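Geometric and topological summary
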Amino acid sequence: AAGVIQSPRHLIKEKRETATLKCYPIPRHDTVYWYQQGPGQDPQFLISFYEKMQSDKGSIPDRFSAQQFSDYHSELNMSSLELGDSALYFCASAGTLSFTDTQYFGPGTRLTVL
Amino acid sequence: AQSVTQLGSHVSVSEGALVLLRCNYSSSVPPYLFWYVQYPNQGLQLLLKYTTGATLVKGINGFEAEFKKSETSFHLTKPSAHMSDAAEYFCAVSDLQFGNEKLTFGTGTRLTIIP
């Protein structure tokens, strides 16, 4: 079965650079969630989209922005990167009946900021 | 706001022994509860979930969990541990009734299997 695809899998950036993370949800899933997992930490919710509209927002820095496109893929844009942004970034998708459905996670993008 | 507490950041059991990972939740409405497993350098894989209905939920890899409202618990168990069960386990809660579907995770429990 198709799974959530994230790209790139690994990304190394310098401080103050920008990064773009991409997420391709499972086919026919219309909801995307982004989570950040710091080293040794639990995943923290950043932001979510339903039908290309932002549906919820968590502890996402103002330096970050995200959107969901017409094909339902989503991109997380991160600017003015800081050392503390080094983390594993997960994308998860859910289906149309998302009130009873499950979030399926991608493999994550490991971002390292030097 | 909902939250989950996982008791024990590290749990070690012998191969073949019972696995018990504890999770207690706090929610103002009936919660939707999940257990995810994370292997090293990998993503989160759903083990099982509780939404409504039967309180004993069976998942993959022989794991099961029981929703106990009176104890606000959702502990994860497996009768006989296998070496391949060594991983990080996260309990999570979702407050779907308010349309707030984000997952709130516990701090995780690292399970080590002793040969």
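Residues numbered from 1 in each chain as written. Chains lettered and ligands numbered in written order. Predicted model: local features only at pLDDT ≥ 70, side-chain atom pairs only at ≥ 80, totals over all residues. Heavy atoms only, no water.

**Considerations on unusual backbone geometry**
- A cis amide bond links Ser7 of chain A with the next residue in sequence, Pro8 of chain A, at an omega value of -10°.
- Structurally, Pro8 of chain A is set in the loop between strand 1 (5-7) and strand 2 (10-13).
- Phi at Arg28 of chain A takes a positive value of approximately 75°, unusual for a residue other than glycine.
- Its relative accessible area of 76% is what places Arg28 of chain A among the exposed residues.
- Even without glycine at this site, Thr72 of chain B takes up a positive phi of about 45°. (Helix = DSSP H or I, 4+ residues; strand = E, 2+ residues; numbered from the N terminus. Buried < 20%, exposed > 50% of the residue type's maximum accessible area, 1.4 Å probe, protein only.)

**Let's talk about the nonpolar core**
- Ranked by size, the top nonpolar core spans 27 residues in total, and within it Trp35, Leu48, Leu76 and Tyr89 of chain B carry the most contacts.
- At the level of elements, strand 2 (10-14), strand 3 (19-26), strand 4 (32-38), strand 5 (44-50), strand 7 (64-68), strand 8 (73-78), strand 9 (87-95) and strand 11 (109-114) of chain B are the ones that each hand at least two residues to this core.
- Judged by nonpolar contacts, the second largest core, of 22 residues, contains Ala19, Leu21, Trp34 and Met78 of chain A. (Core = buried A, V, L, I, M, F, W, Y, C linked by side-chain atoms within 4.5 Å.)

**Thoughts on the state of the cysteines**
- Under the definition given, this model contains two disulfides over all chains.
- Between the sulfur atoms of Cys23 of chain A and its disulfide mate Cys91 of chain A the distance is 1.7 Å. A torsion of -50° about the S-S bond marks the disulfide between Cys23 of chain A and Cys91 of chain A as left-handed. Highlighted residues: Cys23 of chain A in strand 3 (residues 19-24) and Cys91 of chain A in strand 9 (residues 87-95), separated in sequence by 68 residues.
- For Cys23 of chain A, a relative accessible area of 0% puts it in the buried group.
- Residue pairing for Cys23 of chain B: its cysteine sulfur links by disulfide to Cys91 of chain B, the two sulfurs lying 2.0 Å apart. With the S-S dihedral at roughly -65°, the linkage between Cys23 of chain B and Cys91 of chain B falls on the left-handed side. With Cys23 of chain B in strand 3 and Cys91 of chain B in strand 9, the pair connects residues that are 68 residues apart, well separated along the chain. Assigned by exposure class, Cys23 of chain B and Cys91 of chain B land together as buried. (Disulfide = S-S within 2.5 Å.)

**Thoughts on the interface of chain A and chain B**
- Contacts between the two partners involve 22 residues from chain A, matched on the other side by 20 residues from chain B.
- Taken over both partners, the interface formed by chain A and chain B buries close to 1600 Å², and the fraction arising from carbon and sulfur atoms is 52%.
- The tally of links between chain A and chain B comes to one salt bridge.
- For the salt bridge of Asp56 of chain A with Lys102 of chain B, the shortest nitrogen-to-oxygen distance reads 3.8 Å.
- Here chain A and chain B share four residue pairs in polar contact (both at pLDDT 80 or more) between them.
- Those elements that provide at least two residues to the side of chain A that touches chain B are strand 4 (29-37) and strand 9 of chain A.
- A per-element tally of the side of chain A that touches chain B places strand 4 of chain A first, with four residues.
- Taken together, the residues of the side of chain A that touches chain B break down into nine nonpolar, eight polar and five charged. (Contact = heavy atoms within 4.5 Å. Buried area = accessible area lost by both parts, 1.4 Å probe. Salt bridge = Lys/Arg side-chain N within 4 Å of Asp/Glu carboxyl O. Polar contact = N/O pair within 3.5 Å; in protein donor to acceptor, adjacent residues only side chain to side chain. Nonpolar A, V, L, I, M, F, W, Y, C, P; charged D, E, K, R; others polar.)

**Describing the sheet that holds strand 8 (residues 74-78) of chain A**
All names here are of chain A.
- The sheet built from four strands is open, its strands ordered 1-3-8-7 with antiparallel pairing. Strands at the two margins of the open sheet, each flanked by one partner only, are strand 1 and strand 7 (64-68). With strand direction ignored, the average angle separating the axes of adjacent strands in the sheet is 15°. (Pairing = 2+ DSSP bridges. Axes fitted to C-alpha atoms, helices over the stretch in contact; angles between N-to-C directions.)

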